[in-house]
Amino acid sequence: MSRWPEALGGERKVESYRKGGIEDLPPLPNDSKYEVITLRFAPNPDFVLHLGSARPAIINYAYKLKYEGLGKRAKFILRFEDTDPRTKRPLPEAYDAIKEDLRWLGIKWDEEYVQSDRMEIYYDIAKKIIGKGGAYVAAENTECTPDDWKRSKVTGKPCRNRDADPSVNLELFDKMLEGYYKEGEAVMVIKTDLQHPDPSVRDWVAMRIIDTNKYPHPRVGSKYIVWPTYNFSVSIDDHLMGITHILRAQEHSVNTVKQSFIYAHMGWEQPEAIHFGRLKIVGMTLSKTKLKALGIKWDDIRLPTLAGLRNRGGIQPEAIWNIMLQVGVKPTDATISSANLFAENRKIIEPRANRYMAVIDPVKVVIEGGITEELTAKLPMHPSFPERGFRVITLKPVDNKVTIFISRADYDKVGPGSVIRLMELVNIEVMSKGEDTLTVRMHSKDLESARKVNAPIIQWVPPDGLPIRVVRPEDLKLIEDVGGLAEPAVGQVANDEIIQFMRYGFVKKVGHDRFIYVHD
RNA sequence: CCCCCGGUCGUAUAGCCCGGUCAAGUAUGCGGGCCUCUCGAGCCCGUGACCCGGGUUCAAAUCCCGGCCGGGGCACCA
């Protein structure tokens, strides 16, 4: 059942051609034209990955695996796009945190680049493109000021430097590099089409000045003041790195048009671009801006960041993969419910999680009626895997009575005369219902008798149970369930282990008495 | 206002390019049953969709036009 690449299973590859898996991804356009299918994931290291930003990482990597599975050469490149130290200031820790996220997802990259290390390359290409007459500089005190340039986009009339000899613009560009201009005083602009129906496409900015004394770049400090814009650095890098296919979100579709002018000026072949729609997960906030604005650490268990999810536990990377592959690469928006994610996750967790009994908001149950022998229950760790063993709970009578606890939810459902099966123990009949106790008597012992009267089977906890607390993260909030009691064996469960509290849900143990609710 | 891109069961997706095999498949959800000492898992059955209107055609979910609705873009952000 491996739609899941090598991450968890070691050497498990893309061998299984299952419906809805990697192999079912539609072929990439013109795939046969390229010798090495080269894909990339290019995050801005200003935050960690979340469920939304993980999508392009997974999809692109999935295509690499798909083509390798087809016996074709394929490459996956990781590239950090950190060319804005001012408004999208990179977070120094984010570079490594993102790599950690990718590893968790089982993604391996063949090459890694950081754009702030490649500034000289961008300068070099900038000069080449100016030299070819494909770009010009708008600068103060010239015949084409930044304002003139802006105006030219509206009027459609080119400003002077646009048609000037490349040497003029080359000189101006050098002055930019030398620090002659301050922020806003000069920009290098790509010649596109001043009549283009989309104004944003008309002669767009490729290089601008950022005062890195004021806004030092976390990696290269104040070394550079001329910075490429997204479309410029991306075009250059995609070409230089041999990217053949770009799968990215729909918001980038105009960028493909903008970038086409660079490729035309340089005589390069443009990669194939495929855009997919937005992914919404109901009950989860996937806006990077909103998440950042919360001001809590990115790996907080309330967050839908991969780090948060990882920390919170429970949600397995395979489940995220399956969801992403199911949603695929359609250009339409997709709204999936967390129930979908949980359903995928349950498939993965269910066989792994051992079963235990716990009761939330415990209510005391006293079994009266002259019980002289101790009662024992033998509970399998997992009903589907008896080989995992059992544990035994023994109840000793005191004054011919035995006390146990059940959850208030179950207590609420019964009244005098009700017969209940205590899981793997005995069947009891309610005699009287007090405020906080249930007085019952032994009805019978075997399952059959319970079945005969259609008695509900419920979980219970002995008096020496372990007090527990369960918190459930729910869309940026943490809801704390009322206190509970778990059977003593839960004390032996290791931290970080995912177990199932029967008839309650899957939980992850995070402390000797603390649990995080995963899902039902 | 303008410029792109879309609209198939509640949700997600297949089919659309190359019209008939689609009274539309799958998954999840929901309802019911079986099984099981969990409200988990498994098995079975059921529910449920081609945005609207024209056109082309013997035939349209599939092609064309219009409308409506949704998303994205319109930064010296990425």
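The rules we used
- Residues numbered from 1 in each chain as written.
- Chains lettered and ligands numbered in written order.
- Predicted model: local features only at pLDDT ≥ 70, side-chain atom pairs only at ≥ 80, totals over all residues.
- Helix = DSSP H or I, 4+ residues; strand = E, 2+ residues; numbered from the N terminus.
- Rg over C-alpha atoms; globule rule 2.2 N^0.38 Å.
- Buried ≥ 20, exposed ≤ 12 C-beta atoms within 10 Å, placed from the backbone.
- Contact = placed C-beta atoms within 7 Å.
- Arc of directions from axis to C-beta.
- Axes fitted to C-alpha atoms, helices over the stretch in contact; angles between N-to-C directions.
- Parallel < 35°, antiparallel > 145°, perpendicular 65-115°, else oblique.
- Left-handed = near helix turned anticlockwise from the far one by under 90°.
- Nonpolar A, V, L, I, M, F, W, Y, C, P; charged D, E, K, R; others polar.
- Domains from an automatic or database assignment.
- Near = placed C-beta within 6 Å.
- Core = buried A, V, L, I, M, F, W, Y, C linked by C-beta atoms within 7 Å.
- Pairing = 2+ DSSP bridges.

Novice: Would you mind going over the overall build of chain A with me for this structure?
Specialist: Check the secondary structure of chain A and you find 15 helices and 27 strands. A compact globule built from 520 residues should have a C-alpha radius of gyration of about 24 Å, whereas chain A, at 31 Å, is more than 25% larger. The 520 residues of chain A split such that 41% are buried. Excluding contacts between residues fewer than 6 apart, the proportion of contacts in chain A whose partners are at least 24 apart in sequence is 68%.

Novice: So what exactly am I meant to see when it comes to helix 3 (residues 94-104) here?
Specialist: Given 3.6 residues per helical turn, the α-helix brings residues three or four places apart onto the same face. Of the residues making up helix 3, those classed as buried are A94, A97, I98, D101 and L102. On an axial view of helix 3, the arc spanned by its buried residues comes to 140°, and they lie on one face. Where helix 3 terminates, the next one or two residues include G106, which has phi positive at roughly 80°.

Novice: Please clarify how the packing of helix 12 (residues 317-327) against helix 13 (residues 338-349) should be interpreted in this entry.
Specialist: For any two helices packed against each other, the geometry comes down to the angle between their axes and how far apart the axes lie. Contact geometry for helix 12 and helix 13: axes closest at 8 Å, N-to-C directions at 130°. Accordingly, the angle class assigned to the pair helix 12 and helix 13 is oblique. Between helix 12 and helix 13 the crossing geometry is right-handed. Contacts between helix 12 and helix 13 involve E318, A319, N322 and I323 from the former and N340, L341, E344, N345 and I348 from the latter. Of the residues in the contact of helix 12 with helix 13, the class split is 4 nonpolar, 3 polar and 2 charged.

Novice: What exactly am I supposed to notice about the domain arrangement of chain A here?
Specialist: Reports of interface size often rely on the accessible area that becomes lost once the parts have come together. Domain annotation of chain A identifies domain 1 (34-117 + 234-348), domain 2 (130-226), domain 3 (364-458) and domain 4 (466-519). Once you take the C-alpha centre of each, domain 1 and domain 2 turn out to be 30 Å apart. Taken together, the contact pairs 13 residues of domain 1 with 16 residues of domain 2. The element best represented in the side of domain 1 that touches domain 2 is helix 9 (residues 253-266), accounting for 6 residues. In the side of domain 1 that touches domain 2, the residues fall into 8 nonpolar, 2 polar and 3 charged.

Novice: I keep staring at the protein's contact with RNA strand B and nothing clicks. Help me out?
Specialist: In the vicinity of RNA strand B there are 58 residues, among which E81, S200, R208, Y230 and R503 approach most closely. Every element with two or more residues in the surface near RNA strand B is listed here: strand 6 (205-209), helix 9, helix 12, strand 11 (334-337), helix 13 and helix 14 (408-413). Per-element accounting of the surface near RNA strand B gives the leading share, 5 residues, to helix 13. In the surface near RNA strand B, the residues fall into 20 nonpolar, 19 polar and 19 charged.

Novice: Just to check I follow, could you spell out the nonpolar core for this structure?
Specialist: Nonpolar side chains in soluble globular proteins tend to be buried together. Judged by nonpolar contacts, the single largest core of 49 residues is most densely connected at V48, A54, A57, I58, A62, Y63 and I320. No other element matches the 9 residues that helix 2 (residues 54-69) contributes to this core. Discounting residues that sit within four places of it in the chain, I320 has contacts with L51, A54, L105 and I315. Counting residues in hydrophobic clusters, the runner-up holds 45 residues, among them I349, V402, F405 and L425.

Novice: Would you mind going over the sheet that holds strand 21 (residues 457-458) with me for this structure?
Specialist: Within a beta sheet, neighbouring strands are joined by backbone hydrogen bonds and run either parallel or antiparallel to one another. Strand order across the open sheet formed by 6 strands is 17-14-20-19-18-21, with mixed pairing between neighbours. Because the sheet does not close on itself, it has two edges, and the strands there are strand 17 (402-407) and strand 21. Relative to strand 21, strand 18 (residues 419-422) is paired through 2 bridges, and the arrangement is parallel. Bridge assignment links L422 to a residue of strand 21, and that residue is I458.

Novice: Honestly, the environment of G267 in this entry has me stumped. Any pointers?
Specialist: Secondary-structure assignment places G267 in the loop between helix 9 and strand 9 (272-276). Sequence-wise, G267 and G71 are 196 residues apart; in three dimensions their C-alpha atoms are separated by 31 Å.

Novice: What exactly am I supposed to notice about the environment of T289 here?
Specialist: Relative to the helices and strands, T289 is located in helix 10 (residues 288-293). Along the sequence, T289 and F47 sit 242 residues apart, while their C-alpha atoms lie 9.4 Å from each other.

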